[in-house]
Amino acid sequence: MTKYPNCGVKQDTRIRDAVWKFLMVGNRCVILVCSVSGLFLVGCKPVGSPPRQTAESHGGVKVELKVATCQPTNLPGLGDAILGVADRVREMTAGRVELDVQEPGAIVPALEVLDAVSSGTVEGGFGPAGFWAGKMPAAPLFSAIPFGPEAGEYIAWMYHGDGLDLEQRMYSEAGFQVVSLPCALLAAETSGWFRKPVDTAEDLRGLKMRFYGLGGQVMQELGVAVTVMPGGEIYQALEKNILDATEFSMPAIDEKLGFSRVANYNYYPGWHQQATLLELLINKNIWESLSKVDQSIITNACQAAMLDSFAKSEAIQADAIRRNIDERGVENRVWSQEMLDLYEETWHAVVSREASQDPFFKEVWENLQSFRSHYREWGGRAFLPRRSTVSQ
């Protein structure tokens, strides 16, 4: 059974199938209930039909949009950003426009959200573009890129370079009927959770690891058996020894998923994701059926979520790191310069290969590199070096 699309890496199917077999056995009843619930939620609505609208006595049209998510909404910054968008839209429209946010799997599996939004099965979806790499090789370039850019430079390219236009073009040329709005921004992640120390390249070989996006291709080149799965499935896979290691996100987000209980070594820096973008996808026909005012309200709510998710996620990491050290015995480790050089050298080989195989990937990559070269005139001069931490 192929449950998940190939998200930019040639997955080790034995890992994937073992995870799915375990989940199917343990959650058959839950899956059945969700499927039946989804049937009643979706019903027989025509594909791509406008959202449910009703006249309001105080003027305007009532709009209800269901939004399927890729990450649990209890994850700070990463998952709950869309809840903030829904709240802002409701407040700005006095309840006239409602975003009905659904947890992963409630309507469709997390890695099938793009197809569901494009077909009109659900009006909207929230998650990272990198999940669609198996359909569009350039998609990860719009969610997270090894060795930068960092958050400020990334959104500069998206909003004031060609990033937004290129991403929308990617979806349109691939035949997906969606409109994409950047809707959450996170800074750097940790580099992953491991059961055993990793000091050399030899220590990586043969590891079974969940790894997202283009960084996963780097790890695969270094002999890691890479698989991709949504966050809610990772802990069980680690607990059952289906995985040896995982990367996911920032310490306060990983804390919610309990990784420290099954893996004791947390590595830094997050060379594979120095910044992460998530987006709100809305079915194109539905988007065009909205008034310009409602489109503007949703767009501005997403822009506010970009600021809030970035600020919130930056504010809460230090406490999570201290809890990991003081209460759970986590050992925070920093990659040696030798290992970072190895990752970067391997990344250059991966991105060169991807650019040679896909013309649009090459176009986006070259556009981003041109922007970064220009940005370096500023970014290379303006910022002080960071002080290293004194804690473990």
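For the structure itself, look to the data block above.
These figures come from a predicted structure and were not determined experimentally. (Residues numbered from 1 in each chain as written. Predicted model: local features only at pLDDT ≥ 70, side-chain atom pairs only at ≥ 80, totals over all residues. Heavy atoms only, no water.)

1. Quick look at the overall build of the protein
Part 1: Secondary structure summary: the protein contains 14 helices and twelve strands in total.
Part 2: By residue count, 53% of the 392 residues in the protein fall in the buried class.
Part 3: Considering only contacts in the protein between residues 6 or more positions apart, those separated by 24 or more positions represent 77%. (Helix = DSSP H or I, 4+ residues; strand = E, 2+ residues; numbered from the N terminus. Buried < 20%, exposed > 50% of the residue type's maximum accessible area, 1.4 Å probe, protein only. Contact = heavy atoms within 4.5 Å.)

2. Some remarks on the pattern of salt bridges
Part 1: Per the counting criterion, the structure on display carries 22 salt bridges.
Part 2: Here Arg210 and Glu247 are joined by a salt bridge, their closest N and O atoms 2.5 Å apart. Taken together, the positions of Arg210 in strand S7 (residues 208-210) and Glu247 in the loop between strand S9 (245-246) and helix H9 (251-257) put the pair 37 residues apart, joining distant regions of the chain.
Part 3: Take Glu247: its relative accessible area is 0%, and that puts it in the buried class. (Salt bridge = Lys/Arg side-chain N within 4 Å of Asp/Glu carboxyl O.)

3. With respect to the state of the cysteines
Note: disulfide means a covalent bond formed between the sulfur atoms of two cysteine side chains.
Part 1: Applying the stated rule across the entire model yields one disulfide.
Part 2: Paired through a disulfide, Cys183 and Cys302 show a sulfur-sulfur distance of 2.2 Å. Classification of the bridge connecting Cys183 and Cys302 rests on its S-S torsion, roughly -80°, and on that basis the disulfide is left-handed. With Cys183 in strand S5 (residues 178-186) and Cys302 in helix H11 (residues 292-315), this residue pair connects regions lying 119 residues apart in the sequence. (Disulfide = S-S within 2.5 Å.)

4. Side note on helix H5 (residues 163-173)
Part 1: Taken together, the buried positions of H5 are Gly163, Leu166, Glu167, Met170 and Tyr171. One face of H5 carries all of its buried residues, which in axial projection span an arc of 135°. Among the exposed residues of H5, those oriented more than 90 degrees off its buried face are Asp165 and Glu173.
Part 2: Each element contacted by the buried residues of H5 is listed here: helix H3 (113-119), helix H4 (151-160), S5, strand S11 (276-283) and helix H14 (359-382).
Part 3: One or two positions beyond H5, positive phi appears at Gly175, with a value near 90°. (Arc of directions from axis to C-beta.)

5. Observations regarding the sheet that holds S9
Part 1: Pairing is mixed across the open sheet formed by six strands, whose spatial order is S8-S7-S9-S6-S10-S12. The open sheet is flanked by strand S8 (225-227) and strand S12 (331-334), the only strands paired with a single partner.
Part 2: Where strand S6 (residues 192-194) lies against S9, two bridges are found, and the strand directions are antiparallel. Looking at S9, one finds that Trp193 is bridged to Thr246. (Pairing = 2+ DSSP bridges.)

6. Description of the nonpolar core
Part 1: Residues Trp132, Tyr171, Phe194, Leu204, Met219, Trp335 and Tyr343 are the most contacted members of the largest nonpolar core, which totals 65 residues.
Part 2: With seven residues, helix H13 (residues 337-357) is the single largest residue contributor to this core.
Part 3: Core analysis: the second largest hydrophobic core is formed by 47 residues, Leu181, Leu186, Ile297 and Ala301 among them. (Core = buried A, V, L, I, M, F, W, Y, C linked by side-chain atoms within 4.5 Å.)

7. Some thoughts on helix H7 (residues 213-221)
Part 1: Among the nine residues of H7, seven are classified as buried, and the element is accordingly described as predominantly covered.
Part 2: Looking at H7, one finds that the buried residues are Gly213, Leu214, Gly215, Gly216, Gln217, Val218 and Met219.
Part 3: Check the buried side of H7 and you find it contacts helix H6 (201-204), S7, S8, H13 and H14.
Part 4: Gly223 sits one or two residues past H7 and shows a positive phi near 95°.

8. Describing the environment of Gln274
Part 1: Following the sequence through the fold, Gln274 ends up in the loop between strand S10 (265-268) and S11.
Part 2: When neighbours within four sequence positions are excluded, Gln274 is seen to be in contact with Ile145, Gly148, Pro149, Glu150, Ala151, Ala187 and Ala188.

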